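Remarks on the overall topology
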Amino acid sequence: MHKGIQAGRVFIVAQQPTDVTDPDASITVELNQASRGRGIGTVAFRTASELSGYPKVYAAMRKGNVASHIAATRAGFVPLEGEPTNELVLVWRRSS
Ligand SMILES: CC(C)(COP(=O)(O)OP(=O)(O)OC[C@H]1O[C@@H](n2cnc3c(N)ncnc32)[C@H](O)[C@@H]1OP(=O)(O)O)[C@@H](O)C(=O)NCCC(=O)NCCS
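The structure displayed is predicted, hence computed values, not measured ones.

Each strand in a sheet pairs with another by means of backbone hydrogen bonds, the pair being arranged parallel or else antiparallel. Strand order in the open sheet formed by five strands is E1-E2-E3-E5-E4, with mixed pairing between adjacent strands. Of all the strands in the sheet, the pair left with one neighbour each is strand E1 (8-14) and strand E4 (78-79). Pairing between strand E3 (residues 56-62) and strand E5 (residues 87-93): seven bridges, direction antiparallel. Within E5, the residue paired with Met61 across the bridge is Leu88. Docked against the sheet, helix H1 (residues 40-52) engages E1, strand E2 (25-31), E3 and E5, running at close to 150° with respect to E2.

This is the structure in structure tokens:
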């Protein structure tokens, strides 16, 4: 929500199979067209990850998805090392 209006949706899904000793999840942020480019995506990536309770949250995106890459990076996601894929995968790690 932004100024009382739904700006889009964000969901976090547990990775399967769940490792109970080291759980993690993946995040997707989808904003309505009119809500993009205002910094809302950055807030969504950061806030949802913090509220999720997970120690690690992954964000996968097309390599050409510049807005998503920038928003996730500003939210504290960093590129995942290794495992080269066609997608860009970033990870957010809880700081404490
Ligand atoms: C990706 C998405 C979540 C980003 O959220 P957002 O609120 O639009 O992003 P922000 O405003 O926080 O930041 C985007 C930044 O990327 C920049 N940007 C966007 N497209 C760009 C491009 N093609 N080249 C360079 N910079 C670009 C914007 O200018 C902005 O930077 P600025 O604040 O310095 O101007 C949103 O655009 C969206 O929902 N897109 C469609 C669905 C999607 O791709 N989701 C990602 C799946 S994980």
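After presenting the structure, the write-up continues.
Bringing the site of the ligand into the picture now. If you check the shell around the ligand, you find 18 residues, and the closest are Val29, Leu31, Gly37, Gly41 and Thr42. In this structure, Gly37 approaches the ligand through a main-chain N or O atom, which is 2.7 Å from an oxygen atom. Take Arg38: an N or O atom from its main chain is 3.2 Å from an oxygen atom of the ligand. Burial of the ligand by the protein chains amounts to 66% of its free accessible area of 960 Å². When contributions to the shell around the ligand are tallied by element, the ones reaching two or more residues are E2, H1 and helix H2 (66-74). For the shell around the ligand, the element with the highest residue contribution is H2, accounting for six residues. In the shell around the ligand, the residues fall into eight nonpolar, six polar and four charged.

Conventions adopted
Residues numbered from 1 in each chain as written. Predicted model: local features only at pLDDT ≥ 70, side-chain atom pairs only at ≥ 80, totals over all residues. Heavy atoms only, no water. Pairing = 2+ DSSP bridges. Helix = DSSP H or I, 4+ residues; strand = E, 2+ residues; numbered from the N terminus. Contact = heavy atoms within 4.5 Å. Axes fitted to C-alpha atoms, helices over the stretch in contact; angles between N-to-C directions. Near = heavy atom within 4 Å. Polar contact = N/O pair within 3.5 Å; in protein donor to acceptor, adjacent residues only side chain to side chain. Areas by Shrake-Rupley, 256 points an atom, 1.4 Å probe, with all protein chains shown as cover. Nonpolar A, V, L, I, M, F, W, Y, C, P; charged D, E, K, R; others polar.

As far as function goes, none of this settles anything; it's purely spatial.
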